[in-house]
Amino acid sequence: MITMENIIREGHPTLRKVAEEVPFPASDHDKDTLSKMLEYVKNSQDPEISKKYGLRPGIGLAAPQINVAKRMIAIYAQDEKGVQHSYALFNPKIVSHSVEKSYLTSGEGCLSVDRAVPGIVPRYARIRVKATNIEGEKIDIRLKGVLAIVFQHEIDHLNGVMFYDHINSENPFQEPDNAIAID
Ligand SMILES: CNC(=O)c1cccc(C)c1Nc1nc(N2CCN(c3ccccc3Cl)CC2)nc(N2CSC[C@H]2C(=O)NC)n1
Ligand code: NI
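Remarks on helix 3 (residues 145-158)
Point 1. Taking 1.5 Å of rise per residue, 14 residues should cover 20 Å, and helix 3 covers 21 Å from first to last C-alpha, within 8% of that figure.
Point 2. Of the residues trailing helix 3, Gly160 is marked for its positive phi of about 75°.

So this is what it looks like as structure tokens:
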């Protein structure tokens, strides 16, 4: 299982690399890695398992965070209706997005960042993502709310981008124009 020892922290060069596309069909090794990434995110949200293994909670994880420079992400999050969503994806790509922005009013955290970095992280409010799931099926999904935010945060990791790269350094709490605040 993946634990915090497997998660690299800011300063490690892999976090600033552009990750490689996963060739198809995905190898059993890559499928196993992606499955373990989803298992981490689920475990990290379980009070007993996260306590037992000292896991920091998260709703998303990208392969570069476990020092694997491949385009793989795992997401386990509830939408605003409380519906649980689970994604283990190869080669996710944002194919279109809204002009309108959104942001988490409490800012963003990252399992590879062992400090709070206060500030508003402007994201696209709605995105369309194409990817291949762990079963090898092509998916084409439209996302909004927290799911849109976590997808953008994790896809950023595949391009060597950290959430705080988006924070306005002059005024970290400046609300972006035309943006939806998400609590
Ligand atoms: C600096 N302020 C803050 O961190 C911050 C502070 C307050 C609120 C928010 C909303 C903040 N922001 C923030 N909180 C989260 N969690 C809230 C707690 N939760 C969780 C915790 C326990 C059990 C189950 C779960 Cl579900 C896990 C997820 N996650 C992210 N991000 C940014 S996008 C990727 C995602 C991620 O997984 N990061 C590790 N941001
Ligand atoms: Ni992160």
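Don't stop here, the text continues.
Side note on the sheet that holds strand 7 (residues 138-144)
Point 1. The five strands lie next to each other as 1-2-3-6-7, forming an open sheet whose pairing is antiparallel. Lying at the two open borders of the sheet, with one neighbouring strand each, are strand 1 (60-62) and strand 7. The sheet shows a mean angle of 40° between the axes of neighbouring strands, taken without regard to direction.
Point 2. With seven bridges connecting them, strand 2 (residues 72-78) and strand 3 (residues 84-97) associate as antiparallel partners. Bridge assignment links Tyr76 to a residue of strand 3, and that residue is Ser86.
Point 3. Along the sheet face, helix 1 (residues 28-44) touches strand 1, strand 2 and strand 3 and points at about 30° away from the line of strand 2.
Point 4. Sheet strands touched by helix 3: strand 1, strand 2, strand 3, strand 6 (126-133) and strand 7. Its angle to strand 2, the strand with the most contacts, is close to 160°.

Quick look at the coordination of the nickel ion (ligand 2)
Point 1. The protein atoms that coordinate the nickel ion (ligand 2) are Cys110 (SG), His153 (NE2) and His157 (NE2), at distances spanning 2.1 to 2.3 Å.
Point 2. Of note, the donors binding the nickel ion (ligand 2) are all from one chain and are spaced C-x42-H-x3-H. On the criterion of sequence distance, the pair formed by Cys110 in the loop between strand 4 (101-104) and strand 5 (123-124) and His157 in helix 3 is long-range, its members being 47 residues apart. Exposure class is identical for Cys110 and His157. Each is buried.

Observations concerning the packing of aromatic side chains
Point 1. In the structure shown here, the tally under the stated rule is three aromatic pairs.
Point 2. Between Phe163 and Tyr164 the ring centres are 5.3 Å apart and the planes differ by 70°, which places this aromatic pair in the edge-to-face class. No difference in accessibility class separates Phe163 from Tyr164, as the two residues are buried.
Point 3. The ring of Tyr164 has Arg115 lying over it, and the distance from NZ or CZ to the ring centre is 5.0 Å.

Brief notes about the pattern of salt bridges
Point 1. Evaluation of the coordinates by the stated rule reveals ten salt bridges.
Point 2. We note a salt bridge from Lys144 to Glu80, for which the minimum N-O separation is 3.0 Å. Of this pair, Lys144 sits in strand 7 while Glu80 sits in the loop between strand 2 and strand 3, and the two are 64 residues apart along the sequence.
Point 3. Residue Lys144 is classed as partly exposed on the basis of its relative accessible area of 45%.
Point 4. One salt bridge connects Glu108 with Arg123, and the closest N-O pair in it is separated by 2.8 Å. Separated by 15 residues along the polypeptide, Glu108 in the loop between strand 4 and strand 5 and Arg123 in strand 5 bring together distant segments of the chain.
Point 5. Connected via shared salt-bridge partners are Glu108, Arg123 and Asp156.

Cut-off values and rules
- Residues numbered from 1 in each chain as written.
- Chains lettered and ligands numbered in written order.
- Predicted model: local features only at pLDDT ≥ 70, side-chain atom pairs only at ≥ 80, totals over all residues.
- Heavy atoms only, no water.
- Helix = DSSP H or I, 4+ residues; strand = E, 2+ residues; numbered from the N terminus.
- Expected span 1.5 Å × (residues − 1).
- Pairing = 2+ DSSP bridges.
- Axes fitted to C-alpha atoms, helices over the stretch in contact; angles between N-to-C directions.
- Contact = heavy atoms within 4.5 Å.
- Donors = N, O, S within 2.8 Å, 3.2 Å for Na, K, Ca; no water.
- Buried < 20%, exposed > 50% of the residue type's maximum accessible area, 1.4 Å probe, protein only.
- Phe/Tyr/Trp six-rings, centres within 6.5 Å; stacked < 30°, edge-to-face > 60°.
- Lys NZ or Arg CZ within 6 Å of the ring centre and 35° of its normal.
- Salt bridge = Lys/Arg side-chain N within 4 Å of Asp/Glu carboxyl O.

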